[in-house]
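Here's the letter readout for the chains.
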Amino acid sequence: MGGMGELGIGIGWRSEIDLTVERLPGVDFVEVVAENLHRDHLPESVRILRGRGVPVLPHAVSLSLGGADPVDPARVGHLAEVAAMLDAPMVSDHVCFVRAGGLDSGHLMPVPRTREALEVLVDNVKTAQAGLGVPLALENIAALLRWPDAELTEAQFLTELTERTDCLLLLDVANMWANARNLGEDPVALLDGLPLERLAYVHVAGGVVRDGVYHDTHAHPVPPEVLELLGELCRRASPPGVLLERDDRYPADAELAAELAAIRAVVAG
Amino acid sequence: MSARERLAARQAELLAALLADGPAPAGFDAEALRVEADALLAKRRRVVALIDPEVAESCGEDFAPLFAEYARGNPRRDGSRAREDAAAFAAWVEARRPKRRWWQGRRRG
């Protein structure tokens, strides 16, 4: 399989690279971090992109759907309003938690892959979906540690989650590769075990090795192994879209354009 | 105890270990906990440096160790904002600076 889906190739819109995103060739869609948008007005650059008909997909980082606390209706409401303002066909967040015991981790934390944690996650996802009005896609995260008592593989966990909630899958191949490298997991086995027919789109990002550990920084070039994994995915399914995430240490426009072109070449097979 | 309550306790224990010097939860790899704690600290430090580059600069080479000390004693609370974190760090640093005495600030002659 292979070829271009209905979304195409995209890049994460960030205010620091707004002009770059506007003028980069071959940007078919973008993603915005939902928490960075106000519900009453859009940044001008985002309005320009919408004016050109470029789909803008809100990507949330704070719903903490894998957390034990009940879902915060205000956060779901904000995401729904941003989606409506952008006329977005879907929204997304992660399979993770970011708050517990009154503390905020500041970054995406893995949930234990137990039946019990899955029950809570499914319940939270259904609550969020009821308040959203557009389909919700959930993303696999990169983890630096693993919970000791997994009862399900990541593939089983994500498959059951999507089946029971009817959510879509936002598959991050860089996160898959990071987990493979750091936690000794098999990314190809994960690919083979996932419900790829529920694929919303795909994330690609770069990272760096520090002290023997790969960090998915979104601040370094995309490693060739991540593009190879994207190729493996494209041999199994036709992703509707593939999006490059870059959040820091922004390179020259030409470098981002080259990364987008490399992604496009892999998807085209 | 419900599934939610059990999960809450486990997640709270993990975050306390990673963010607030709490005891390591059973069954976790100690090195992985250290790597994760460092990664979370580095991300928080980067965000504060972005919001308030002046305070980061004023700390010079001590920024990372100072921030680590501040962060251990002041984990981010649920619902707090990054700007509040940056302001709290700036105030913490300021409170630690040796106070200039009235006679030290005067010009000679």
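We now turn to the structure provided with this report. This structure is a prediction, so every number in the text was calculated from the model and none was measured.

Throughout the structure, instances matching the rule amount to 25 salt bridges over all chains. For Arg6 of chain B, the salt bridge is made with Glu116 of chain A, and the minimal N-O distance between the two is 2.6 Å. Pair noted here: Arg6 of chain B is in helix α1 (residues 3–19) and Glu116 of chain A is in helix α4 (residues 115–130), and the two residues belong to different chains. Of the charged contacts in the structure, one is a salt bridge between Glu232 of chain A and Arg235 of chain A, with a shortest N-O distance of 3.3 Å.

The next thing to look at is helix α6 (residues 173–183) of chain A. Residue and element names in this part refer to chain A. With 9 of its 11 residues buried, α6 lies for the most part within the structure. Within α6, the full set of buried residues consists of Val173, Ala174, Asn175, Met176, Trp177, Ala178, Asn179, Ala180 and Leu183. Just downstream of α6 lies Gly184, where phi reads positive at about 70 degrees.

Residues and elements named next belong to chain A. Interaxial distance between α6 and helix α8 (residues 224–236) falls to 9 Å at its minimum, and their mutual angle equals 115 degrees. The pairing of α6 with α8 is recorded here as roughly perpendicular in orientation. Here α6 and α8 pass one another in a crossing that is right-handed. Residue-level contacts link Val173, Ala174, Met176 and Trp177 of α6 to Glu225, Val226, Leu229, Leu230 and Leu233 of α8. Looking at the contact of α6 with α8, its residues break down into 8 nonpolar, no polar and 1 charged.

Further remarks concern the pairing of strand β1 (residues 8–12) of chain A. As a general feature of sheets, a regular strand has side chains that alternate between the two faces. All names here are of chain A. With 5 of 5 residues buried, β1 lies mostly within the body of the structure. Across 4 bridges, β1 lies against strand β12 (residues 241–245) in parallel orientation. Residue pairing across strands places Ile9 opposite Val242, the latter belonging to β12. Examined bridge by bridge, β1 and strand β2 (residues 29–33) share 3 bridges and lie parallel to one another. Bridging across to β2, Gly10 finds its partner in Phe29. Note that the unit made of β1, helix α1 (residues 18–23) and β2 has a crossover that is right-handed.

Turning our attention to the nonpolar core. Leu161, Val204 and Leu230 of chain A are the most contacted members of the largest nonpolar core, which has 89 residues in total. Residues within four places of Val204 of chain A in sequence aside, it is in contact with Val173, Val222, Val226, Leu227, Leu230, Val242, Leu243, Leu244, Glu245 and Ile263 of chain A. Ranked by size, the runner-up nonpolar core spans 15 residues in total, among them Val48, Phe67, Ala86 and Trp92 of chain B.

Turning to unusual backbone geometry, a few remarks are in order. Residues and elements named next belong to chain A. Although it is not a glycine, Ser64 adopts a positive phi angle of roughly 55 degrees. With respect to the helices and strands, the residue Ser64 is situated in the loop between β3 (56–59) and α3 (73–86). For Ser64, a relative accessible area of 6% puts it in the buried group.

Our next topic: the packing of aromatic side chains. Residue and element names in this part refer to chain B. One pass over the full model with this rule turns up 10 aromatic pairs over all chains. Judged by centre distance (5.5 Å) and plane angle (55 degrees), the rings of Phe67 and Tyr70 are tilted. Remark: Tyr70 and Phe67 occur in helix α4 (residues 63–73); sequence separation between them is 3 residues, near one turn of the helix. Each member of the pair, Phe67 as well as Tyr70, is classed as buried. A connected cluster of aromatic rings, assembled from ring pairs, spans Phe63, Phe67, Tyr70, Phe89 and Trp92.

Basis of the calculations
Residues numbered from 1 in each chain as written. Chains lettered and ligands numbered in written order. Predicted model: local features only at pLDDT ≥ 70, side-chain atom pairs only at ≥ 80, totals over all residues. Heavy atoms only, no water. Salt bridge = Lys/Arg side-chain N within 4 Å of Asp/Glu carboxyl O. Helix = DSSP H or I, 4+ residues; strand = E, 2+ residues; numbered from the N terminus. Buried < 20%, exposed > 50% of the residue type's maximum accessible area, 1.4 Å probe, protein only. Axes fitted to C-alpha atoms, helices over the stretch in contact; angles between N-to-C directions. Parallel < 35°, antiparallel > 145°, perpendicular 65-115°, else oblique. Left-handed = near helix turned anticlockwise from the far one by under 90°. Contact = heavy atoms within 4.5 Å. Nonpolar A, V, L, I, M, F, W, Y, C, P; charged D, E, K, R; others polar. Pairing = 2+ DSSP bridges. Right-handed = clockwise from strand over helix to strand, strands pointing away. Core = buried A, V, L, I, M, F, W, Y, C linked by side-chain atoms within 4.5 Å. Phe/Tyr/Trp six-rings, centres within 6.5 Å; stacked < 30°, edge-to-face > 60°.

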